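# Chain and residue survey
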Amino acid sequence: MAESLLNGQVVLVTGGARGIGAAICRVLSREGATVAVNYGASRDKAEAVVAEIEAAGGTAAAFGADVRDEAAVKEMVDAVVERFGRIDGVVNNAIAGEQSGAFGSLGYEGYENMLDYGCKAVYNTIAAARPHFKTQGGGRVINIVTELWNMGSGNWSMYNAGKGAMVGMSRSLAVELGPENITVNMVAPGWMVTEKVDTESDGSKGFAKSLPLRRHGSADEIGNACAFYLSRLAGYVTGTYLPVTGGRITQMGA
């Protein structure tokens, strides 16, 4: 029997309590990883994800921290290492607050919040994990960005500001951290099915039919992309941007 892709790895997923983050946690566990499920305020949901993983025979634990708080993130990462003995990868997925709105509707504070999640949180997790990665001889970072960064979209400038910062930061850090055997890659979801999406609505069905693959993507497919980047299969891959969009970005000429 083939060995699972991530056997022996410990991976921290920020914003792992719900939506795409929870799906990433479940997929990584199925591939053999021990998963540290980060949450900000949704402790009950994070513990439910952990319980689901454990019921399926995996290993996981919930770790609370506001990823925008440098000291809290360092404490969390150290707690993960203390609990599981190591940390091999970080998936930066957490985001909260208003993400869309007409320009000026939330003032500059809306942009600051998105930049805190798109840039400051990424800084905090990498800064906290990097000493452990160096001790272990390397590590993997995956940043969850967005297809909208390619496309542009009205009323989403705040969101794109944060995700655009994440894209630029990822590309530069891939170069800078490469000599330490730390890879930095990006996964760009399209409109994926989560608990918030009604796939039976006329608009939702029409959107799916407009895609080259003629279907919605599941949140698990984002987890699959993350599993690839964390695995031995991607050991020579860094600085890349992977759209998981059913072909939508190809349609836009990106």
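This structure is a prediction, so every number in the text was calculated from the model and none was measured.

Conventions used here
Residues numbered from 1 in each chain as written. Predicted model: local features only at pLDDT ≥ 70, side-chain atom pairs only at ≥ 80, totals over all residues. Heavy atoms only, no water. Disulfide = S-S within 2.5 Å. Buried < 20%, exposed > 50% of the residue type's maximum accessible area, 1.4 Å probe, protein only. Helix = DSSP H or I, 4+ residues; strand = E, 2+ residues; numbered from the N terminus. Contact = heavy atoms within 4.5 Å. Polar contact = N/O pair within 3.5 Å; in protein donor to acceptor, adjacent residues only side chain to side chain. Axes fitted to C-alpha atoms, helices over the stretch in contact; angles between N-to-C directions. Left-handed = near helix turned anticlockwise from the far one by under 90°. Nonpolar A, V, L, I, M, F, W, Y, C, P; charged D, E, K, R; others polar. Pairing = 2+ DSSP bridges. Right-handed = clockwise from strand over helix to strand, strands pointing away.

So, on to the state of the cysteines. If you walk through the whole model with that rule in mind, you get zero disulfides. You can see cysteine 25 has no disulfide; the closest cysteine sulfur is in cysteine 226, sitting 9.7 Å from it. Residue class for cysteine 25 comes out buried when judged on its relative accessible area of 0%.

Positionally, threonine 146 belongs in the loop between strand S5 (139–144) and helix H5 (148–151). For threonine 146, a relative accessible area of 4% gives the class buried. When neighbours within four sequence positions are excluded, threonine 146 is seen to be in contact with Tyr159, Asn160, Lys163, Ala188, Pro189 and Tyr241.

Inspection of the secondary structure assignment puts asparagine 150 in helix H5. By relative accessible area, which is 29% here, asparagine 150 ends up partly exposed.

Relative to the helices and strands, arginine 140 resides in strand S5. Separated by 2.7 Å, the side chain of arginine 140 and the backbone oxygen of serine 231 make a polar contact. Aside from chain neighbours lying at most four places away, what touches arginine 140 is Asp88, Gly89, Val90, Phe133, Thr183, Tyr229, Leu230, Ser231, Ala234 and Gly235.

Before going further, it helps to spend a moment on the packing of helix H3 (residues 70–84) against helix H4 (residues 107–136). Put simply, H3 and H4 touch, their axes get as near as 9 Å, and they point 40° apart. As H3 runs across H4, the sense of the crossing is right-handed. Of H4, the residues touching H3 (which contributes Glu70, Val73, Lys74, Val77, Asp78 and Val81) are Tyr123, Asn124, Thr125, Ala128, Ala129 and His132. The residue inventory of the contact of H3 with H4, partitioned by class, reads six nonpolar, three polar and three charged.

Burial of strand S4 (residues 89–92) is two-sided: the residues Gly89 and Val91 facing one way and the residues Val90 and Asn92 facing the other way are all buried. Two elements, strand S1 (residues 10–13) and S4, share three bridges in a ladder whose sense is parallel. Across the sheet, the residue bridging to valine 11 is glycine 89, located in S4. You can see the chain leave S4, run along H4 and come back into S5, and the turn it takes is right-handed.

Looking now at the environment of aspartate 88. Mapped onto the elements of the fold, aspartate 88 is located in the loop between H3 and S4. The class for aspartate 88 is buried, based on a relative accessible area of 10%. Sequence separation between aspartate 88 and alanine 17 is 71 residues; the distance between their C-alpha atoms is 20 Å. A distance of 2.7 Å separates a polar atom in the side chain of aspartate 88 from a polar atom in the side chain of arginine 86.

The strand order S3-S2-S1-S4-S5-S6-S9 describes an open sheet built from seven strands, whose pairing is parallel. The two strands at the open ends of the sheet, each matched to only one other strand, are strand S3 (60–64) and strand S9 (241–244). Ignoring strand direction, the axes of neighbouring strands in this sheet form an average angle of 20°. With four bridges connecting them, strand S6 (residues 182–189) and S9 associate as parallel partners. The partner of valine 187 across the bridge, within S9, is leucine 242.

Spatial relationships are all this shows, so hold off on functional conclusions.
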